[in-house]
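Chain residues, written in single-letter form:
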Amino acid sequence: MISIKSQREIDIMKEAGHINYLTHQELKKALKPGITTNELNIIADKFIRSHGAIPSSLNYEGFPKSICISVNDEVVHGIPSNRKIKNGDVVSIDITVRFKGYESDSANTYIVGDASEKVTNLVENTKNALYEGLKVVKAGVKLNEVSKSIEDYAHLNGLSVVEELVGHGIGTSMHEDPDVPNFYTKSTVILKEGMTICVEPMLNLGKKDVYIDDNDWTIKTVDGLPSAHFEHTIVVTKNGYELLTGE
Ligand code: MF3
Ligand code: CO
Ligand code: CO
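What comes next is a walk through the structure. (Residues numbered from 1 in each chain as written. Chains lettered and ligands numbered in written order. Predicted model: local features only at pLDDT ≥ 70, side-chain atom pairs only at ≥ 80, totals over all residues. Heavy atoms only, no water.)

1. Overview of the coordination of the cobalt ion (ligand 3)
Note on metal sites: the ideal angle is 109.5 degrees for four tetrahedral donors, and 90 or 180 degrees for six octahedral donors.
Next up, step 1: Here the cobalt ion (ligand 3) is held by the protein donor atoms Asp 105 (OD), His 168 (NE2), Glu 200 (OE) and Glu 231 (OE), which lie 2.0 to 2.2 Å from it.
Next up, step 2: Note that the cobalt ion (ligand 3) binds six donor atoms; their angles at the metal cover 51 to 173 degrees, and the shape is irregular.
Next up, step 3: Of note, the cobalt ion (ligand 3) draws all its donor residues from one chain, in the sequence arrangement D-x62-H-x31-E-x30-E.
Next up, step 4: Between the cobalt ion (ligand 3) and the cobalt ion (ligand 2), a separation of 3.3 Å is found, and both are coordinated by Asp 105. Linking Glu 200 in the loop between strand 9 (196-199) and strand 10 (202-204) with Glu 231 in the loop between strand 13 (227-229) and strand 14 (232-236), this pair joins segments that are 31 residues apart in sequence.
Next up, step 5: What makes Glu 231 buried here is its relative accessible area of 1%. (Donors = N, O, S within 2.8 Å, 3.2 Å for Na, K, Ca; no water. Tetrahedral: all angles 85-135°; square planar, octahedral: opposite > 155°, others 65-115°. Helix = DSSP H or I, 4+ residues; strand = E, 2+ residues; numbered from the N terminus. Buried < 20%, exposed > 50% of the residue type's maximum accessible area, 1.4 Å probe, protein only.)

What follows is the structure, encoded as structure tokens:
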């Protein structure tokens, strides 16, 4: 069932999304060679709680930390640890914030220090792919047009699309209907005003194949090449969309 949110609900989701955005800004400042992913996790956990919100990834289906940090060949669901960030690392940070009973979900990928042109393009084009998808969004449009737009942009730029994980609806729960794939499917879902969804391309520099790490959470590329991930929570409007996890 795909729920349509009232203006009151959207306003709360905007508050949750704003705290999410601010948390990303805090982590961006702290992200430097030598910091551990655990230290970034602690900064995020404290920051979110200081705003009266909850880092809802903690204990979500048993996830052991407050945010996800995925480095290099880790696609998503990286678990913060004593791993130190190094020059040239590709670091994806995915944050969920729960506020007044509503969720927000947003991810960014950063290159720490120097990287090759190929890796720089991976990160820039994954971000572009998210906005290529969002460009298509408005009430009345088929959801699979958004998916196709992301896929086409990725392939045009020589990147592969991870198929095992998809975007999703969001609201009082982190994951709601509908699925929002980053590749074309025969989905018959039509976007409607007031739907709140997370669009989140996960693109690989090499092949699309991934596997789950021994920790039972972290998704990694089979070929060991880097992956990038960008995500926004949005509300569908009559003429387009509004970012709920934007500035
Ligand atoms: N933020 C992820 C998503 O985009 C979900 C993370 S759940 C966790 O859907 F348990 F891994 F944190
Ligand atoms: Co997320
Ligand atoms: Co998500």
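2. Regarding the packing of aromatic side chains
Next up, step 1: Applying the stated criterion across every chain yields a total of one aromatic pair.
Next up, step 2: With 5.0 Å between their ring centres and 90 degrees between their planes, Phe 63 and Trp 217 make a pair best called edge-to-face. Linking Phe 63 in the loop between strand 1 (54-55) and strand 2 (68-71) with Trp 217 in the loop between strand 11 (210-212) and strand 12 (219-221), this pair joins segments that are 154 residues apart in sequence.
Next up, step 3: The class of Phe 63 is buried, set by a relative accessible area of 2%. (Phe/Tyr/Trp six-rings, centres within 6.5 Å; stacked < 30°, edge-to-face > 60°.)

3. Side note on the side chain of Glu 74
Next up, step 1: Within the element layout of this structure, Glu 74 appears in strand 3 (residues 74-76).
Next up, step 2: Here the side chain of Glu 74 touches Val 71 through a polar contact of 2.9 Å, landing on its backbone nitrogen.
Next up, step 3: Only 3.4 Å separates the side chain of Glu 74 from the side chain of Arg 83, close enough to count as a polar contact.
Next up, step 4: Setting aside anything within four residues of it in sequence, one finds Glu 74 in contact with Ile 69, Arg 83, Thr 218, Ile 219, Lys 220 and Ser 227. (Polar contact = N/O pair within 3.5 Å; in protein donor to acceptor, adjacent residues only side chain to side chain. Contact = heavy atoms within 4.5 Å.)

4. Quick notes on the site of ligand 1
Next up, step 1: Near ligand 1, the surroundings consist of 14 residues, among which Asp 94, Asp 105, His 175, Glu 200 and Glu 231 are the closest.
Next up, step 2: In the model, an oxygen atom of ligand 1 is placed 3.2 Å from a nitrogen or oxygen of the His 168 side chain.
Next up, step 3: Glu 231 is positioned such that a nitrogen or oxygen atom in its side chain is 3.0 Å from an oxygen atom of ligand 1.
Next up, step 4: In the complex, 96% of the free accessible area of ligand 1, which totals 340 Å², lies under the protein chains.
Next up, step 5: In terms of residue class, the shell around ligand 1 is built from five nonpolar, five polar and four charged. (Near = heavy atom within 4 Å. Areas by Shrake-Rupley, 256 points an atom, 1.4 Å probe, with all protein chains shown as cover. Nonpolar A, V, L, I, M, F, W, Y, C, P; charged D, E, K, R; others polar.)

5. A word on the nonpolar core
Next up, step 1: Core analysis: the largest hydrophobic core is formed by 27 residues, its most contacted members being Leu 134, Val 137, Leu 191, Ile 197, Val 199, Leu 203 and Ile 234.
Next up, step 2: Ranked by residues supplied to this core, first place goes to helix 3 (residues 117-136) with six residues.
Next up, step 3: In this structure Leu 203 touches Leu 122, Asn 125, Thr 126, Ala 129, Ala 154, Leu 159, Ser 160, Val 161, Ser 227 and Ala 228, once residues within four positions along its chain are discounted.
Next up, step 4: Listed in part, the 21 residues of the second largest apolar core include Ile 19, Val 91, Ile 93 and Val 97. (Core = buried A, V, L, I, M, F, W, Y, C linked by side-chain atoms within 4.5 Å.)

6. Points about helix 2 (residues 37-50)
Next up, step 1: With 14 residues, helix 2 extends 20 Å between its outermost C-alpha atoms, agreeing within 8% with the 20 Å of an ideal straight helix rising 1.5 Å per residue.
Next up, step 2: As for helix 2, its buried residues are in contact with helix 1 (7-30), strand 1, strand 2 and strand 4 (90-99).
Next up, step 3: At the exit of helix 2 stands Gly 52, carrying a positive phi of roughly 75 degrees. (Expected span 1.5 Å × (residues − 1).)

7. Some remarks on the coordination of the cobalt ion (ligand 2)
Next up, step 1: Only Asp 94 (OD), Asp 94 (OD), Asp 105 (OD) and Glu 231 (OE) from the protein coordinate the cobalt ion (ligand 2), and they sit 2.0 to 2.3 Å from it.
Next up, step 2: The coordination sphere of the cobalt ion (ligand 2) comprises six donor atoms, whose angles at the metal cover 58 to 169 degrees; the geometry is irregular.
Next up, step 3: Written as a sequence motif, the donor residues of the cobalt ion (ligand 2) are D-x10-D-x125-E.
Next up, step 4: On the basis of relative accessibility, which here comes to 3%, the residue Asp 105 falls in the buried class.

8. Thoughts on the pairing of strand 4
Next up, step 1: Extensive coverage of strand 4 is indicated by the burial of nine of its 10 residues.
Next up, step 2: Taken together, the two bridges between strand 1 and strand 4 define a ladder with antiparallel strand orientation. Its bridge partner lying in strand 4, Ile 54 is registered against Arg 98.
Next up, step 3: With four bridges connecting them, strand 2 and strand 4 associate as antiparallel partners. Bridging across to strand 4, Ile 69 finds its partner in Ile 93.
Next up, step 4: Hairpin connection of strand 4 to strand 5 (residues 102-111): two residues between the antiparallel strands, including Lys 100 at a positive phi of 50 degrees. (Pairing = 2+ DSSP bridges.)

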